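A structural walkthrough
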Amino acid sequence: MNPIAVAFLRATTEGGTELHVSGRAEPLRVTGAPADVARALENAAPTPPDPTLSLLA
């Protein structure tokens, strides 16, 4: 795995989530609880490429 950034989630008082990403001064503010945001980020992760196709490329 080659991470491009480090991120952490923090709940807001309004019921949303702040997404803090390394290298960014201001957090991204999104709606939803931190657990829901984390689940959405995990589900959005790309699947690893087929190693056979990587060898052919």
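As the structure is a computational prediction, the values presented were derived from the model and not from experiment. (Residues numbered from 1 in each chain as written. Predicted model: local features only at pLDDT ≥ 70, side-chain atom pairs only at ≥ 80, totals over all residues. Heavy atoms only, no water.)

Turning our attention to the pattern of salt bridges. Inspection of the entire model under this criterion finds two salt bridges. R29 is the salt-bridge partner of E18, the closest N and O atoms lying 3.7 Å from each other. One end of the pair, E18, is in strand 2 (residues 17-21); the other, R29, is in strand 3 (residues 28-30), with eleven residues separating them in the sequence. A relative accessible area of 15% places E18 in the buried class. The exposure class of R29 is exposed, given its relative accessible area of 60%. Across the pair R39 and D36 runs a salt bridge, and its minimum N-O distance is 3.1 Å. Here R39 pairs with D36, and both are found in helix 1 (residues 34-43), just three residues apart, close to one helical turn. Taking the relative accessible area as the measure of exposure, R39 reaches 46% and is therefore partly exposed. (Salt bridge = Lys/Arg side-chain N within 4 Å of Asp/Glu carboxyl O. Helix = DSSP H or I, 4+ residues; strand = E, 2+ residues; numbered from the N terminus. Buried < 20%, exposed > 50% of the residue type's maximum accessible area, 1.4 Å probe, protein only.)

What follows is about the sheet that holds strand 3. An order of 1-2-3 is seen for the three strands of this open sheet, with the pairing classed as antiparallel. Whereas interior strands pair on both sides, the edge strands pair on one side only; in this sheet they are strand 1 (7-11) and strand 3. Put simply, the sheet's adjacent strands are angled 25° from each other on average, direction ignored. With five bridges connecting them, strand 1 and strand 2 associate as antiparallel partners. Residue L9 lies in a different strand from strand 2, and its bridge partner there is L19. (Pairing = 2+ DSSP bridges. Axes fitted to C-alpha atoms, helices over the stretch in contact; angles between N-to-C directions.)

So, on to the confidence of the model for the protein. Looking at the protein as a whole, its pLDDT mean stands at 81, while 74% of the residues score no less than 70. Considering each helix and strand of the protein separately, the mean pLDDT is smallest for helix 2 (residues 51-56), with a value of 59, and largest for strand 3, with 92. (pLDDT = per-residue confidence, 0-100.)

Here we come to the pairing of strand 2. A regular strand places its side chains so that they alternate between the two faces of the sheet. Of all five residues in strand 2, four are buried, a share of seventy percent or more. Between strand 2 and the antiparallel strand that follows it, strand 3, lie six residues; G23 among them carries a positive phi value of about 85°.

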